[in-house]
Each structure stands twice: as C-alpha cells, then as structure tokens.
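Topology and contacts: notes
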Amino acid sequence: MPDFSLTPEQESLRDLARKFARTEMAPHAQECDRTPRFPEEIYRKAYDLGLMNLNVPTEFGGSGLSLLDQCLIVEELAYGCAGMTTSIIANCLALEPIILGGSSEQKQRFLTPFCQEYHLASFALTEPTGGSDAGAIRTRARKDGDGYVLDGEKCFITNAPHASLYAVFATTDPAAKHRGISAFVVPRSAPGVTPGKDEEKMGHRASSTSTVRFDGVRVPAADRLGAEGEGFSVAMRTLDQTRTPIGALATGIAQAALDHAARYALKRQSFGKPIAEHQAIQIKLANMAQSVHAARLLTWHAAWTIDRGAKGSLESSIAKCFASDASFQVADEAIQTFGGYGYMKEYPVEKLLRDAKLTQIYEGANEIQRTVIARELLRGYA
Amino acid sequence: MEIVVCIKPVPEAETRLRPTADGTRADPDGVKFVLAGYDESSVEQALLLKEAVPASKVHAVAVGPAPRSEEVLRAAIALGCDSATWVDATADTADDGLSAARALAPALAGLPHDLVLAGKQAGDRESGVFAAALGELLGVPDFGFVTDLRWEPAAARFTFRRATEGGVERWESPVPCVIALQQAWNDPRTAKLPMILKSRKAPIAKVAAAPAAGPSIPVKFELPPPRSGAKMIEYKTPEEAAQTLVRLLKEEAKVFP
Ligand SMILES: Cc1cc2nc3c(=O)[nH]c(=O)nc-3n(C[C@H](O)[C@H](O)[C@H](O)COP(=O)(O)OP(=O)(O)OC[C@H]3O[C@@H](n4cnc5c(N)ncnc54)[C@H](O)[C@@H]3O)c2cc1C
C-alpha cells in the first residue's frame with residue numbers, strides 16, 4: 001500500500017512555499033492582476049529562496065527535487081497567485097528539454113548559469129497556426145554549414161519578453177511531420193530573435209505571454225538538443241514531466257476557492273442564519289471539498305508514478321485534466337457561494353475562475369488529454 | 001565567537017489547542033511544533049552576530065521530546081546555525097522554564113559559549129523565566145528585554161539596550177553572558193530551499209537531560225470561554241442610535257456613571 005504521509009523534509013519544503021505564497025505573493029496578487037504587472041521583484045525573491053528551477057539536477061547546482069516535491073511546492077505557490085506561479089515554473093518547462101535531451105556538456109553550459117544567477121527561460125513550441133498539433137509546426141530550421149538558420153514565429157510563449165534563453169522547436173523537413181522536428185537552445189541575444197509585446201489576457205495576468213519571431217537566426221549544431229529529428233520526442237517527454245505540476249497548480253487554485261467560500265459561508269447571513277447552515281450551500285462545499293481532495297490525490301499519484309521511473313502519460317493526463325476541470329468548477333461554485341459579491345473584482349474569487357480557465361488549455365488542452373487517456377485506456381481492451 | 005541559541009518548539013500560530021482526555025494539559029497530538037516568534041528573532045540575532053564577527057559559530061540547543069525538538073533544530077540549521085544539540089527531556093520538563101534551564105545547564109558546560117541567546121519568553125508558556133534561571137545556574141550575568149545587541153571587539157564586551165518603563169538603558173556585559181531578547185526588533189530571515197535540504201542531513205548531537213528536580217505539574221487546561229454575542233442597537237435615526245448607546249454604556253456596561 002502506498003503511504004500518503006509526507007516526510008518531514010517534504011513538510012518543510014511545503015511550509016517554505018506556503019509562507020512565500022502567503023506573505024510575498026498573495027498580498028500583490030490583486031494589484032498584479034488588475035494592472036496587469038509582471039512582478040519581477042517577486043520572481044527574484046522566489047529565485048533567491050530556491051523556489052525556481054526545481055527540476056534542475058544537483059550536479060548542475062539545482063535542487064533536483066522529485067516530481068512529488070515539486071507538486072507540493074507548486075500547489076502552495078498557486079494558492080497565493082496562479083499567474084505568478086506560471087511564470088515561476090516556466091523555467092522548469094523551458095529547462096526540461098535540456099535536462100532530458102542535452103549532452104552533459106550542454107547541461108553544464110546551459111543549466112549551471114540558471115543556478116548561479118536569476119534568469120528566465122521560455123519553452124517555445126506553440127505557433128500561431130496551431131498548438132495541439134505540435135507535429136505540424138512551421139518554424140523552419142535550414143541546415144547551413146556547421147549549423148542551422150531558424151525562421152518562424154512562436155506564440156503564447158510564457159515569459160518570452162523577459163527570457164534570456166529559449167528552448168525552440170523547429171522543423172528541418174516539414175514533409176516528415178513530427179519526425180522532422182528538432183530542439184534548439186537559442187539565446188535571446190542571438191541576432192534575429194524578437195519577442196513581441198505582452199498579450200492582454202483573461203487571467204494569469206501577473207505572468208507575461210508573447211510571440212517570439214525568429215528571422216534568420218543562426219544556431220550552431222552544438223546547440224541542438226539530441227539528434228536531428230528527435231525534437232518532437234524531447235517536447236513530448238518534457239510535457240510528460242511538466243503536466244503533473246499543472247495539476248498541482250490547478251489544485252492550489254481550487255483549494256483557495258474552497259477556503260474563501262467556506263469562510264464566507266460561515267459569516268454571510270440569510271434568512272436569519274449563516275448561509276453555511278443552508279443545506280444547498282453545504283452540498284456545494286462538500287462537492288468542492290471532494291473535488292479538491294481528488295485533484296490533489298490524482299496529482300500526487302501521477303507524480304509518485306513518474307518518480308518511480310514510469311512514463312506516467314496516462315496518470316499525468318488524468319491528473320492534469322481532472323484537476324484543471326475541478327479547479328474551474330470549484331472556482332465557479334465559490335463565486336456562486338459569494339453571490340453578487342463573488343462577481344465583483346473587489347472580492348478574490350472571480351480571479352480564481354479566470355486563472356483556473358487557463359489550466360484547462362495550456363500544457364496540452366484537456367481535449368488532447370482526454371484523447372491520450374482514451375488511447376492508453378483502449379489499448380488495454382484491444 | 002561561540003554563540004549558543006536556545007530554542008523551544010511551540011505550537012504553530014494557527015493551532016487550535018484542545019485539552020487532553022484527562023483535562024490536565026493541551027493535547028500535543030496532531031499539533032505542529034515550530035520555531036517561531038521570539039526564538040526566530042534570537043536565531044536571527046545569533047546569525048547577525050556571526051556575520052559581523054569573523055570566525056564565529058552558532059550552536060542551536062533545544063530541550064524537549066522528539067520529534068518536535070529535532071524539527072526546530074533542523075529549522076535553525078536551515079537558517080544558518082552551524083550545529084545543534086538536543087537535550088532529550090519530557091514535555092513537562094521542557095515546558096517549565098526553570099526545569100528546562102536545569103536540564104540544559106549541564107549540557108552547556110560541554111559547549112564553548114561566549115554568549116547564550118534566548119527569546120525573552122517562550123511563545124507558548126510566556127513565563128519569561130528560562131533565561132534568568134539559566135544565567136543563575138551557569139553563574140554568569142543575565143539580561144532580559146534586550147535590543148540592539150552588538151559586540152565591541154576592542155573592549156571584548158557586548159553592548160545593548162533595554163527598554164524599561166522610564167526610558168532606555170544602555171548596558172555593557174563581559175563574556176560569557178546570557179541574553180534574552182526583546183522580540184521582533186530584527187527581521188528574521190527565511191530558510192532557503194537548498195539549506196532546508198541540507199539541514200535534513202545534518203547531524204544533531206543528543207544528550208540525556210539531567211534528572212529533573214521535579215518540574216511543575218500541570219493540573220488543568222481549559223479553552224477560553226467563547227465570546228458572548230455582540231448586541232445590535234435598533235434605531236431609526238443616528239441620534240436615536242447614539243442615545244441608546246450612551247444609555248447602554250452607562251446602565252449595562254457601566255463604562256461611566
Ligand atoms: C497563457 C498561455 C501561456 C502559454 N504558454 C506557453 C508556453 O510557454 N510555451 C508554449 O509552447 N505554448 C504555450 N501556450 C500555448 C498552449 O499550450 C496552447 O494554447 C495549447 O496547447 C492549445 O493550442 P492552440 O491554442 O493552438 O489551440 P488549438 O490546437 O487550435 O485547439 C483549439 C481547440 O480545438 C481542440 N482540439 C485541437 N485538436 C484536437 C483534437 N485532435 N481532438 C479534439 N480537440 C482538439 C483543442 O483542445 C482546443 O479546444 C500558452 C497558452 C496560453 C494561453
């Protein structure tokens with residue numbers, strides 16, 4: 001039987017993230033959402049405390065945390081502000097292709113600076129013409145002497161305007177579809193790299209999202225991760241690792257929504273008693289609590305599965321898909337519990353719904369997660 | 001400089017304590033014990049002195065039962081303390097300031113110390129006895145309610161202030177001495193993640209407490225009575241509300257005649 005108790009070490013990591021989320025992130029969440037503002041000073045503090053680059057192995061100066069440890073931290077951070085959390089964990093997403101696909105020389109060269117100084121990196125896969133169908137990307141990598149020339153545009157790239165490094169996926173042979181894709185590490189300083197302006201978003205407004213253009217960008221072959229044509233596999237294996245923490249992020253939003261709703265329900269009076277004494281509200285809170293609990297346990301289970309060395313595609317897809325749907329529903333019910341106040345920006349719950357929405361879309365839309373789940377599932381019946 | 005900082009595991013701030021089945025004390029079951037409040041300030045002070053005085057070492061000590069004592073010592077190491085000693089004692093011994101000082105004093109004899117720091121009182125019992133008792137048992141000067149602690153290398157003395165009712169006193173003390181700090185005149189740092197990981201592997205020296213000379217025995221623990229409800233004043237005009245309020249303050253609350 002698995003053991004659901006956390007080790008004292010895991011509790012201390014969670015306490016650190018909780019304290020940071022509640023004292024450094026949450027007090028600025030509303031302002032950063034409303035303005036919107038990219039609070040780089042908070043990201044620097046997160047870096048200083050070791051709350052960034054959680055997945056970088058210790059040999060390159062990182063803390064090399066297990067996926068479960070990462071999930072514990074990410075859930076707490078998201079409780080404070082989901083948008084900031086997206087920007088804080090974007091480095092994990094951007095560095096994972098290097099961790100999985102890089103040679104030891106590349107890891108040393110690219111990962112070490114991130115553990116010595118504050119830098120941001122971006123994962124650049126999605127393009128204006130498509131995100132879900134990653135095999136159909138159009139950004140071209142043309143062979144040129146001992147290297148490549150990159151041309152194309154990426155969109156919806158987290159932290160792109162602030163990143164010093166991009167993990168870029170481009171095709172050397174569009175006809176070969178996913179087998180033509182390679183992964184490259186491209187510094188922001190390379191001539192021809194142009195991030196666009198910040199997108200105006202529905203939620204996660206403390207995070208920054210933009211296009212990045214690559215116009216005749218020269219990339220030495222030494223900066224290609226893995227062999228030519230291995231890029232699609234690197235991207236998919238990266239997402240297998242980072243999908244589970246998105247489940248944790250969604251769980252953090254849901255827990256915040258439940259906490260707000262339960263506290264409000266005990267205070268708000270209607271028909272002579274606290275609304276928490278009306279059975280309709282009790283049922284709402286009970287359902288919300290079930291969703292939060294299930295989301296957390298599915299996330300822990302997926303992380304545990306992957307930490308044991310399994311691929312965990314099925315488990316991580318289930319966790320991400322369930323937790324993000326649960327997060328959206330729980331935030332919705334929290335607004336309903338608040339009644340009219342829930343709809344007001346002065347109260348915290350409408351932001352949670354806007355933030356929860358993204359978790360159903362990014363790192364593989366939930367339709368795609370369900371496709372994966374069904375495929376893995378049906379394999380067992382065929 | 002050798003600095004010893006004494007810390008006591010106390011229930012986390014949001015904890016809702018409940019009496020044990022026999023009603024004699026707060027039930028520790030399920031309670032999370034942490035390094036908090038006054039002790040965070042004294043650990044911070046120890047680390048500030050360490051940073052200011054070259055070749056200094058900070059040694060954290062705690063008296064009490066496992067695992068809570070070990071947890072706060074690891075928290076202290078994660079913050080930057082160099083080493084730690086756990087004096088294994090019962091919760092009752094650790095809870096009572098005089099008994100804790102008696103349990104700790106013999107252990108301190110084996111630890112080099114120019115300065116022994118503590119919070120002005122424990123975050124749970126708040127009796128403020130521990131540091132004074134420890135100073136007496138060690139036979140060294142002890143001071144309470146201290147702020148602005150500094151080391152003067154030329155004079156080989158500590159200088160500090162004490163806020164009293166009448167004004168602020170300035171003091172000097174030779175080494176070694178015991179100092180209990182006023183809370184929160186510094187801004188305690190947060191442990192960094194790599195240090196937390198490192199602290200989990202750090203060795204913690206364990207010593208058995210000297211036989212307790214009879215700690216105080218808790219008799220009863222009760223929760224404070226629930227607050228009675230507020231009284232809402234019914235009114236039609238603000239004048240009426242004010243008149244009713246004044247009447248109630250006079251007749252019922254008897255705040256003024
Ligand atoms: C705020 C934000 C941050 C992001 N950050 C990054 C980042 O850092 N890096 C990065 O590379 N990308 C990032 N993305 C992109 C994100 O991963 C994509 O938006 C997502 O993968 C969906 O792709 P798409 O938007 O092109 O939608 P499309 O692929 O066009 O899909 C549109 C709709 O059709 C559905 N659909 C598509 N194909 C199928 C199918 N086969 N079966 C059933 N339904 C299908 C989708 O689920 C979706 O509902 C970010 C997006 C946002 C909004």
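Conventions and cut-offs
- Residues numbered from 1 in each chain as written.
- Chains lettered and ligands numbered in written order.
- Predicted model: local features only at pLDDT ≥ 70, side-chain atom pairs only at ≥ 80, totals over all residues.
- Heavy atoms only, no water.
- Helix = DSSP H or I, 4+ residues; strand = E, 2+ residues; numbered from the N terminus.
- Rg over C-alpha atoms; globule rule 2.2 N^0.38 Å.
- Buried < 20%, exposed > 50% of the residue type's maximum accessible area, 1.4 Å probe, protein only.
- Contact = heavy atoms within 4.5 Å.
- Domains from an automatic or database assignment.
- 1 Å grid on protein atoms, 1.4 Å probe; cavity = no way out; pocket = protein on both sides within 12 Å on 5 of 7 lines; lining within 4 Å.
- Points joined across faces, edges and corners; volume = space filled by probe spheres on them.
- Nonpolar A, V, L, I, M, F, W, Y, C, P; charged D, E, K, R; others polar.
- Buried area = accessible area lost by both parts, 1.4 Å probe.
- Salt bridge = Lys/Arg side-chain N within 4 Å of Asp/Glu carboxyl O.
- Polar contact = N/O pair within 3.5 Å; in protein donor to acceptor, adjacent residues only side chain to side chain.
- Phe/Tyr/Trp six-rings, centres within 6.5 Å; stacked < 30°, edge-to-face > 60°.
- Near = heavy atom within 4 Å.
- Areas by Shrake-Rupley, 256 points an atom, 1.4 Å probe, with all protein chains shown as cover.
- Pairing = 2+ DSSP bridges.
- Axes fitted to C-alpha atoms, helices over the stretch in contact; angles between N-to-C directions.
- Core = buried A, V, L, I, M, F, W, Y, C linked by side-chain atoms within 4.5 Å.

1. Observations regarding the overall build of chain A
- When helices and strands are counted, chain A shows 10 helices and 10 strands.
- In terms of overall size, chain A behaves like a compact globule, its C-alpha atoms giving a radius of gyration of 21 Å where 382 residues would be expected to give roughly 21 Å.
- On the principal axes, the C-alpha backbone points of chain A span a range of 80 × 50 × 40 Å.
- Counting across all 382 residues of chain A, residues that qualify as buried make up 55%.
- Summarising the internal contacts of chain A: among those between residues at least 6 apart in sequence, 75% fall at separations of at least 24.

2. Remarks on the domain arrangement of chain B
- Under the domain assignment used here, chain B contains domain 1 (2-208) and domain 2 (228-257).
- On a C-alpha basis, the centres of domain 1 of chain B and domain 2 of chain B stand 48 Å from each other.

3. Details of empty space enclosed by the protein
Residue and element names in this part refer to chain B.
- According to the stated counting rule, one finds two cavities of 30 Å³ or more in the structure shown.
- Volume-wise, the largest cavity comes out at about 290 Å³.
- Around the largest cavity, the lining is made up of 25 residues, and of these Lys8, Ala94, Ala100, Ala122 and Phe130 lie nearest the centre.
- Elements supplying a minimum of two residues to the lining of the largest cavity: β4 (57-64), α3 (91-95), α4 (97-109), β6 (115-119) and α5 (130-138).
- A class-by-class count of the residues in the lining of the largest cavity yields 13 nonpolar, five polar and seven charged.
- Estimates place the volume of the second largest cavity at around 30 Å³.
- The residue inventory of the lining of the second largest cavity, partitioned by class, reads four nonpolar, two polar and two charged.

4. Some points on the interface of chain B and chain A
- Tallying the contact residues gives 11 residues for chain B and 16 residues for chain A.
- Counting each side, the surface lost to burial between chain B and chain A is near 1100 Å², with a carbon and sulfur contribution of 63%.
- Counting the contacts that link chain B with chain A gives two salt bridges.
- For Glu11 of chain A, the salt bridge is made with Lys32 of chain B, and the minimal N-O distance between the two is 3.9 Å.
- For the interface between chain B and chain A, the tally reads three residue pairs in polar contact (both at pLDDT 80 or more).
- Counting residues per element, the side of chain B that touches chain A draws most heavily on helix α6 (residues 193-201) of chain B, which supplies five residues.

5. Remarks on the packing of aromatic side chains
- Scanning the model with the defined rule gives 11 aromatic pairs over all chains in all.
- Ring centres 5.1 Å apart and planes at 50 degrees place the aromatic pair Tyr341 of chain A and Tyr347 of chain A in the tilted group.
- With centroids separated by 4.8 Å and ring planes inclined at 65 degrees, the aromatic side chains of Phe143 of chain B and Phe160 of chain B adopt a geometry described as edge-to-face. Taken as a pair, Phe143 of chain B in strand β7 (residues 142-152) and Phe160 of chain B in strand β8 (residues 157-163) lie far apart in primary sequence, 17 residues in all. The burial state of Phe143 of chain B is the same as that of Phe160 of chain B; both residues are buried.
- Connected via pairs of aromatic rings, a cluster forms that spans Tyr264, Phe338, Tyr341 and Tyr347 of chain A.

6. Observations regarding the site of the ligand
Residues and elements named next belong to chain A.
- Within the structure, the ligand sits among 18 residues, and Phe123, Thr126, Gly131, Ser132 and Glu367 are positioned closest to it.
- One of the side-chain N or O atoms of Ser132 is found 2.6 Å from an oxygen atom in the ligand.
- Take Glu367: an N or O atom from its side chain is 2.7 Å from an oxygen atom of the ligand.
- Within the complex, the protein chains bury 65% of what would otherwise be the 970 Å² of accessible surface of the ligand.
- Across the shell around the ligand, the residue classes break down as nine nonpolar, six polar and three charged.

7. With respect to the environment of Asp3 of chain A
All names here are of chain A.
- Tracing the sequence through the fold places Asp3 in the segment before α1 (8-34).
- A residue is classified by how much of its surface remains accessible, and Asp3, at 61% relative accessible area, is exposed.
- Reaching out from Asp3, the side chain makes a polar contact with the side chain of Ser5 at a distance of 2.7 Å.

8. Observations concerning the sheet that holds β8 of chain B
Residues and elements named next belong to chain B.
- Strand order in the open sheet formed by nine strands is β9-β8-β7-β10-β6-β1-β4-β5-β11, with mixed pairing between adjacent strands. Strands at the two margins of the open sheet, each flanked by one partner only, are β9 (168-173) and β11 (205-208). On average, adjacent strands in this sheet sit at an angle of 30 degrees to one another, irrespective of strand direction.
- Along the sheet face, helix α1 (residues 37-52) touches β1 (2-6), β4, β6, β7, β8 and β10 (177-181) and points at about 150 degrees away from the line of β6.
- Contacts from α4 reach β1, β4, β5 (83-88), β6 and β11, with the element oriented near 140 degrees to β4.

9. Concerning the nonpolar core
- By size, the foremost hydrophobic cluster in this structure holds 65 residues, and its most contacted members are Leu51 of chain A together with Ile7 and Ile179 of chain B.
- Counting residues per element, this core draws most heavily on α1 of chain A, at eight residues.
- Sequence-distant contacts of Leu51 of chain A, that is, excluding residues within four places in its chain, are made with Leu16, Ala17, Phe20, Ala46, Ile73, Leu77 and Ile88 of chain A together with Leu193 of chain B.

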